[in-house]
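The lines below spell out each chain.
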Amino acid sequence: MGFEVLRTVKGGYSKASVIAKLDALNGLLLAVTEGMPREKALSELDRIKQTTLHTEKGGFFGTFGFSVEDTDTYISDLVNMIEKKIQ
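Residues numbered from 1 in each chain as written. Predicted model: local features only at pLDDT ≥ 70, side-chain atom pairs only at ≥ 80, totals over all residues. Heavy atoms only, no water.

Draft legend 1. Layout of the overall build of the protein chain. Along its length, the protein chain carries three helices and two strands. Helices (α) and strands (β) of the protein chain occur, in sequence order from the N terminus, as β-α-α-β-α. Each principal axis of the C-alpha atoms in the protein chain carries an extent, and together these give about 50 × 30 × 15 Å. Here the protein chain holds 87 residues, and 32% of them are scored as buried. Taking all contacts inside the protein chain whose residues are at least 6 apart in sequence as the whole, residues at least 24 apart take part in 84%. Of the roughly 5900 Å² that the protein chain leaves accessible, carbon and sulfur atoms contribute 55%. (Helix = DSSP H or I, 4+ residues; strand = E, 2+ residues; numbered from the N terminus. Buried < 20%, exposed > 50% of the residue type's maximum accessible area, 1.4 Å probe, protein only. Contact = heavy atoms within 4.5 Å. Areas by Shrake-Rupley, 256 points an atom, 1.4 Å probe, with all protein chains shown as cover.)

Following this line, the structure appears as structure tokens:
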């Protein structure tokens, strides 16, 4: 049974930059769960939010990346989860 959270599309966000941002968010989620101070968590979250996601080249000779829509939704849900834990 296959279940894709982030679809692969021609163009889209660079897989490396998405994975790096998701790793940072998941690390922050773990740190918040383990008791990271609120102020430090908020500043770290702001820093991660400002990280840009690079896009892949589209078109006939383009490369594959993660769907922009799927990635934005997934990251937004993860950020909301972290914000709820911080409060």
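Draft legend 2. Looking closely at the packing of helix 1 (residues 15-33) against helix 3 (residues 68-86). Closest axis-to-axis distance for the helix 1/helix 3 pair is 10 Å, and the angle between their directions is 15°. In terms of axis orientation, helix 1 runs roughly parallel to helix 3. The chirality of how helix 1 crosses helix 3 is left-handed. Where helix 1 abuts helix 3, its residues Val18, Lys21, Leu22, Leu25, Asn26, Leu28, Leu29, Val32 and Thr33 lie against Thr71, Tyr74, Ile75, Leu78, Val79, Met81, Ile82, Lys85 and Ile86. Classifying every residue of the contact of helix 1 with helix 3 gives 13 nonpolar, three polar and two charged. (Axes fitted to C-alpha atoms, helices over the stretch in contact; angles between N-to-C directions. Parallel < 35°, antiparallel > 145°, perpendicular 65-115°, else oblique. Left-handed = near helix turned anticlockwise from the far one by under 90°. Nonpolar A, V, L, I, M, F, W, Y, C, P; charged D, E, K, R; others polar.)

Draft legend 3. Seen up close, the pattern of salt bridges. The full count for this structure, using the stated rule, is three salt bridges. Among the ionic pairs, Glu44 bridges to Arg47, the shortest N-O distance being 2.5 Å. Of this pair, Glu44 and Arg47 both sit in helix 2 (residues 38-49), three residues apart, which is roughly one turn of that helix. Residue Glu44 is classed as partly exposed on the basis of its relative accessible area of 25%. (Salt bridge = Lys/Arg side-chain N within 4 Å of Asp/Glu carboxyl O.)

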